[in-house]
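Close look at the chain arrangement
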Amino acid sequence: MSDALVIGGANGIGLAIATLLAEDERFDNIHIVDRQTVASEFQHPKFRCHTFDLRSEDYSLFDTFTEVNTLIITAGFGRLAHFSDIDDEHIIDSFAVNSTAVIRIIRHFYDRMQSTEEFYCGVMGSIAGFMSSPLFAVYGATKAALKIFIESVNVELEMAGTTNRILNISPGSIKGTAFYNGANDLSITRQLGAEILTHLWAKDDLFIPQYDEIFKTVLERYHADFRAEGRHSYNYKMQSGRIK
């Protein structure tokens with residue numbers, strides 16, 4: 001028996017993954033670290049909620065989870081907008097939460113990841129980290145930073161002789177979450193959460209949901225002509241009605 005830790009587990013896909021882990025008899029406790037606590041309708045007896053702001057300087061909290069062998073980081077945020085409408089605070093906070101926090105948290109668990117003991121780690125990236133994403137430029141940049149970090153550290157883990165890896169989970173938009181000011185709907189997010197855990201237990205290093213259906217073609221178009229694909233992405237987002 002062991003514990004799992006879900007950073008950003010109070011909402012969205014993090015909440016779905018935390019709920020699935022709580023239903024797994026291998027785990028005693030599911031620690032959830034988030035700025036918010038889990039809403040009453042989604043609470044589970046195994047949940048242990050810790051309120052924490054990832055913009056904080058003191059990360060000593062993450063040294064207290066001594067029984068954790070499964071780490072999932074889903075915390076993050078983005079704003080769909082022209083870069084001209086983004087202020088300095090948003091830029092600083094975006095990198096602090098989406099990129100720097102992930103790297104700092106992993107450092108606190110890295111000794112366990114390098115060992116021969118089983119350790120599972122998954123990080124929520126984004127397909128925006130694989131290509132230009134106009135109107136999502138800052139968010140895409142934070143996720144691109146994670147992509148390179150994860151790929152680089154996974155090689156170091158391999159060369160250290162361990163089978164432990166970081167799973168880069170890089171979806172497009174996810175329905176059933178509060179990311180775009182929506183509402184949490186576990187009936188929608190549970191399936192994706194289960195798919196993520198399947199790849200996590202297999203120690204895969206990359207999972208792009210709907211890759212064959214959507215993103216294989218998108219990435220091929222991007223690599224063939226990144227400028228044209230950028231214009232296509234821009235027009236698609238402008239027509240989506242999500243730009244305020």
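Cut-offs and rules
- Residues numbered from 1 in each chain as written.
- Predicted model: local features only at pLDDT ≥ 70, side-chain atom pairs only at ≥ 80, totals over all residues.
- Heavy atoms only, no water.
- Helix = DSSP H or I, 4+ residues; strand = E, 2+ residues; numbered from the N terminus.
- Rg over C-alpha atoms; globule rule 2.2 N^0.38 Å.
- Buried < 20%, exposed > 50% of the residue type's maximum accessible area, 1.4 Å probe, protein only.
- Areas by Shrake-Rupley, 256 points an atom, 1.4 Å probe, with all protein chains shown as cover.
- Pairing = 2+ DSSP bridges.
- Phe/Tyr/Trp six-rings, centres within 6.5 Å; stacked < 30°, edge-to-face > 60°.
- Lys NZ or Arg CZ within 6 Å of the ring centre and 35° of its normal.
- Contact = heavy atoms within 4.5 Å.
- Right-handed = clockwise from strand over helix to strand, strands pointing away.
- Axes fitted to C-alpha atoms, helices over the stretch in contact; angles between N-to-C directions.
- Parallel < 35°, antiparallel > 145°, perpendicular 65-115°, else oblique.
- Nonpolar A, V, L, I, M, F, W, Y, C, P; charged D, E, K, R; others polar.
- Polar contact = N/O pair within 3.5 Å; in protein donor to acceptor, adjacent residues only side chain to side chain.
- Core = buried A, V, L, I, M, F, W, Y, C linked by side-chain atoms within 4.5 Å.

Let's talk about the overall build of the protein chain
Along its length, the protein chain carries 6 helices and 7 strands. For the protein chain, whose C-alpha radius of gyration is 18 Å, the value lies close to the compact-globule estimate of 18 Å for 244 residues. Once the C-alpha set of the protein chain is aligned to its principal axes, its extents read approximately 50 × 45 × 35 Å. Buried positions account for 49% of the 244 residues belonging to the protein chain. By element, 51% of the accessible surface of the protein chain is carried by carbon and sulfur atoms, the whole surface being about 12,300 Å².

Side note on the sheet that holds strand β2 (residues 27-34)
Sheet architecture is open: 7 strands sit in the order β3-β2-β1-β4-β5-β6-β7, paired in parallel fashion. Edge positions in the open sheet fall to β3 (47-51) and β7 (206-207), since each of these has one partner strand only. Sheet analysis places strand β4 (residues 68-73) next to strand β5 (residues 120-124), joined by 4 bridges and oriented parallel. Bridge pairing in β5 links I73 to V123.

Some remarks on the packing of aromatic side chains
Under the counting rule described, the total for this entry stands at 9 aromatic pairs. Ring centres 6.2 Å apart and planes at 25 degrees place the aromatic pair F27 and W201 in the stacked group. Pair noted here: F27 is in strand β2 and W201 is in helix α4 (residues 186-201), with a separation of 174 residues, a long-range link. Of the residues examined, F27 reaches a relative accessible area of 3% and is grouped as buried. Considering the side-chain rings of Y59 and F62, the 5.4 Å spacing of their centres and the 45 degrees angle between planes classify their relative orientation as tilted. Accessibility assignment for this pair places Y59 and F62 in one class, buried. An aromatic cluster is built from F52, Y59, F62 and F65, whose rings are joined through pairwise contacts. One cation-aromatic arrangement involves R104 over Y59; the distance from NZ or CZ to the ring centre is 3.8 Å. The ring of Y120 carries the charged tip of K203 above its face, separated from the ring centre by 5.3 Å.

Side note on the environment of F149
By the secondary structure assignment, F149 is in helix α3 (residues 137-159). Contacts of F149, omitting those with residues within four sequence positions, involve I103 and I106.

Notes on the pairing of strand β6 (residues 166-169)
Because side chains alternate across β6, one face comprises the buried residues I166 and N168, and the other comprises L167 and I169, equally buried. Considered for its hand, the β-α-β crossover made up of β5, α3 and β6 is right-handed.

Focus on the packing of helix α5 (residues 211-224) against helix α6 (residues 226-240)
Close contact between α5 and α6 brings their axes to 5 Å; oriented N to C, the two are set at 130 degrees. With respect to their mutual orientation, α5 and α6 come out oblique. Contacts from V218, R221, Y222 and A224 of α5 reach α6 at F226, E229 and H232. In terms of residue class, the contact of α5 with α6 is built from 4 nonpolar, 1 polar and 2 charged.

Section: the environment of S240
Counting through the fold element by element, S240 comes out in helix α6. On the accessibility criterion, S240 (32% relative accessible area) is partly exposed. At a separation of 2.6 Å, a polar atom in the side chain of S240 contacts the main-chain carbonyl oxygen of K237.

Describing the nonpolar core
With 29 residues, the main nonpolar core has I7, L54, F62 and I106 as its most contacted residues. Breaking this core down by element, the ones donating at least two residues are β1 (2-7), β4, α2 (88-114), β5 and α3. Residue contributions to this core peak at 8 residues, all from α2. Excluding residues within four positions of it along the chain, I7 makes contact with V33, L54, F62, L71, I72, I73, T74, A75 and I105. Listed in part, the 28 residues of the second largest apolar core include A16, F47, I72 and L192.

A word on the pairing of β4
In terms of residue burial, β4 counts as a mostly covered element, since 5 of its 6 residues are buried. Of the pairings in the sheet, the one linking β1 to β4 comprises 5 bridges and is parallel in character. Bridging across to β4, D3 finds its partner in V68. Traced from β4 through α2 to β5, the parallel crossover comes out right-handed.

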